[in-house]
Amino acid sequence: MIDKALECFKDMFGSDGDIRCYFAPGRVNLIGEHTDYNGGHVFPCALTMGNYGVARKRDDRMLRWYNMTYPHEGVQEKSLDELVPNDNGLWYDYQHGVLWAMQKAGIEIPFGYDMVMIADLPAGSGLSASASIEELAAVIVRDLNELPISMVDCARFGQISENDYNGSNTGIMDQFASAMGKKDHAIFLDTADLSYEYVPLNLKDEKIIVTNSRVKHNLTENSYNSYNTRRKESEEALADLRKILDIDSLGELDEETFDSNCMSIQSEVCRKRARHAVYENRRTIRAVTALQNGDLEAFGKLMIDSHVSLRDDYAVSCEEVDILVDEALKLPGVIGSRITGGGFGGCTVSIVKNESVDRFTGDLGRIYRERTGIEAEFYITDAGDGAGRIR
Ligand code: GLA
């Protein structure tokens, strides 16, 4: 991948000077969905798929970028002084937003850069392609300009780009996973205070399989309206609960406290959304303990409960993804399966015994094709390192 981008960079921008190579991964979330903007826990890992960038610092403030995935768009040119929030949701908008967020926070970025990028991560499928390109921009500009910011800051600026430059009101999970990922580990992150712990995955007899339904959520239209709606519904539920409970987020509640106070939430829909947020957060904490105790069966059961709750209470699944999960659970050697990411299409994540992997991809692919007419894609994934310079 990176060699292709390097070759393209040299053709396009010349081969002289200090040319550097970077990578920023996508992520898969194992459990803890729609909890990150509710002050709860998440448990994602960085993928080994993501976006690669080749870049060289300029001696002016121009940004000249080319994305090999979208050759027809040509070189995108913009000055660091003319970045303006918009709702186009294009690859360079997510990246411009990061530089805009840094400058808004008072970080001086003296020089722009030329860049060529290339991806091996499908966009719009719930694997955080947008966070991956945000973190790519963050690590490139940080390295080339020697900015005094941490990788957690990079995650924060990615989220600000997403929220305030691109208008989707997401939490910080995706950017955090892309920035802070660690090979063979998942990240147990408490989004209430950004404290985190790396948990070894240690899967010797099982594989993590991501299945792409290839039903795409569109980042700027319906799904993000729906995503933003879910967030508003959670906030409305919290506001009602705060009339009788002294809490700052749904993540502070356990199931019992929620159940005995939930009738103070006026709208039934908001009550269901909040129930998901509370129960999912607790499930995530229990799932991590189960994994640490080597009890993968218990982890898998919690993944299944998570899917049911996302389908019924949070209403972010869809027919095709439900088919993938239901059919996966009928196959031998499947320990757990659930929708992953923001939802409204996208991917499932499943834990499958090594000896059942071929059957899983073969049978599930066939059944899904028969039932939907769509060819699913399978990625047998490893947890990878977070964003950074690779050469
Ligand atoms: C998207 C958002 C994340 C998170 C997930 C759902 O991926 O970017 O912040 O809310 O959806 O868990």
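Everything below is about the structure printed above this text.
Residues numbered from 1 in each chain as written. Predicted model: local features only at pLDDT ≥ 70, side-chain atom pairs only at ≥ 80, totals over all residues. Heavy atoms only, no water.

## So, the packing of aromatic side chains
A full pass over the atoms with the stated rule returns eleven aromatic pairs. For the ring pair F9 and F13, a centre distance of 5.2 Å and an interplane angle of 55 degrees mean the geometry is tilted. Remark: F13 and F9 occur in helix 1 (residues 2–13); sequence separation between them is four residues, near one turn of the helix. Like F9, the residue F13 is buried in the burial classification. (Phe/Tyr/Trp six-rings, centres within 6.5 Å; stacked < 30°, edge-to-face > 60°. Helix = DSSP H or I, 4+ residues; strand = E, 2+ residues; numbered from the N terminus. Buried < 20%, exposed > 50% of the residue type's maximum accessible area, 1.4 Å probe, protein only.)

## What to know about the pattern of salt bridges
Counted under the stated rule, the structure contains 32 salt bridges. Between D16 and R56 there is a salt bridge; the shortest N-O distance is 3.5 Å. Taken together, the residues span a long stretch of sequence, with D16 in the loop between helix 1 and strand 1 (20–29) and R56 in strand 3 (residues 44–57) at a distance of 40 residues. Classification of R56 as buried rests on a relative accessible area of 11%. Between R231 and E235 there is a salt bridge, and its shortest N-O distance comes to 3.4 Å. Of the two residues, R231 and E235 both sit in helix 6 (residues 222–242), four residues apart, roughly one turn of that helix. Exposure remark for E235: the relative accessible area of 40% places this residue in the partly exposed category. Each of D16, R56, R58, D60 and D114 takes part in one network of salt bridges that share partners. (Salt bridge = Lys/Arg side-chain N within 4 Å of Asp/Glu carboxyl O.)

## Brief notes about the sheet that holds strand 2 (residues 41–42)
Strand order in the open sheet formed by three strands is 2-7-8, and the pairing between neighbours is antiparallel. Looking at the sheet topology across the chains shown, the edges are occupied by strand 2 and strand 8 (195–200). Both strand 7 (residues 185–190) and strand 8 contribute to a ladder of six bridges, which runs antiparallel. Residue F188 lies in a different strand from strand 8, and its bridge partner there is E197. In the packing of helix 8 (residues 268–292) onto the sheet, contacts are made with strand 2, strand 7 and strand 8, and the angle to strand 8 comes to roughly 40 degrees. (Pairing = 2+ DSSP bridges. Contact = heavy atoms within 4.5 Å. Axes fitted to C-alpha atoms, helices over the stretch in contact; angles between N-to-C directions.)

## Overview of the site of the ligand
Neighbouring the ligand are R27, E33, H34, D36, Y37, T170, G171, M173, D174, Y227, G341 and G342. A distance of 2.6 Å separates an oxygen atom of the ligand from a polar atom in the backbone of H34. D36 is positioned with one of its side-chain polar atoms (N or O) 2.6 Å from an oxygen atom of the ligand. In isolation the ligand exposes 310 Å². Once the protein is present, 97% of that is buried. Per-class residue counts for the shell around the ligand are three nonpolar, five polar and four charged. (Near = heavy atom within 4 Å. Polar contact = N/O pair within 3.5 Å; in protein donor to acceptor, adjacent residues only side chain to side chain. Areas by Shrake-Rupley, 256 points an atom, 1.4 Å probe, with all protein chains shown as cover. Nonpolar A, V, L, I, M, F, W, Y, C, P; charged D, E, K, R; others polar.)

## Comments concerning the sheet that holds strand 4 (residues 62–67)
Strand order in the open sheet made by the six strands is 5-4-6-3-1-13, with mixed pairing throughout. Looking at which strands have only one partner, the edges of the open sheet turn out to be strand 5 (76–79) and strand 13 (388–389). Sheet analysis places strand 4 next to strand 6 (residues 113–119), joined by four bridges and oriented parallel. Across the sheet, residue N67 finds its bridge partner in strand 6, namely M117. Packing of helix 1 onto the sheet brings it into contact with strand 1, strand 3, strand 4 and strand 6, and relative to strand 6 it is tilted by some 145 degrees. With respect to the sheet, helix 2 (residues 91–104) is in contact with strand 4, strand 5 and strand 6, its orientation differing from that of strand 4 by roughly 150 degrees.

## Observations concerning the packing of helix 4 (residues 151–165) against helix 5 (residues 173–180)
Look at helix 4 against helix 5: their axes get within 8 Å of each other, and the N-to-C directions meet at 145 degrees. Between helix 4 and helix 5 lies a crossing of right-handed hand. The residues of helix 5 that touch helix 4, namely those facing M151, V152, A155, G158, Q159 and E162, are Q175, F176, A179 and M180. The residue makeup of the contact of helix 4 with helix 5, split by class, is six nonpolar, three polar and one charged. (Left-handed = near helix turned anticlockwise from the far one by under 90°.)

## Observations concerning the nonpolar core
Membership of the largest hydrophobic core comes to 46 residues, with the highest contact counts inside it found for W65, L99, M102, Y113, M115, I140 and F176. Looking at this core, the elements with two or more residues in it are strand 1, strand 4, helix 2, strand 6, helix 3 (129–144), helix 4, helix 5 and strand 7. Every residue in contact with F176, bar those within four places of it in the chain, is listed here: V152, A155, G181, I187, L189, L194 and Y196. Core analysis: the next-biggest nonpolar cluster, separate from the first, contains 29 residues, V28, L121, I351 and Y379 among them. (Core = buried A, V, L, I, M, F, W, Y, C linked by side-chain atoms within 4.5 Å.)

## What about the pairing of strand 6?
Counting buried positions over the seven residues of strand 6 gives six, a clear majority of the element. Where strand 3 lies against strand 6, seven bridges are found, and the strand directions are antiparallel. Its bridge partner being in strand 6, G53 is matched across the sheet by M117.

## Looking at helix 2
Taking 1.5 Å of rise per residue, 14 residues should cover 20 Å, and helix 2 covers 20 Å from first to last C-alpha, within 8% of that figure. For helix 2, the tally of buried residues reaches twelve of 14 residues, placing the bulk of the element in the interior. All buried positions along helix 2 are accounted for by W91, Y92, D93, Y94, Q95, H96, G97, V98, L99, W100, A101 and M102. Where the residues of helix 2 are buried, they touch strand 4, strand 5, strand 6, helix 3 and helix 4. (Expected span 1.5 Å × (residues − 1).)

## Structural notes on the environment of N145
Relative to the assigned elements, N145 resides in the loop between helix 3 and helix 4. In this structure N145 comes out as buried when scored by relative accessible area, which is 11%. Each C-alpha atom, one on N145 and one on V75, is 22 Å from the other, the two residues being 70 residues apart in sequence. Not counting the four nearest positions on each side in its chain, N145 is found in contact with K57, I109, P110 and F111. At 3.1 Å, the side chain of N145 forms a polar contact with the backbone oxygen of F111.

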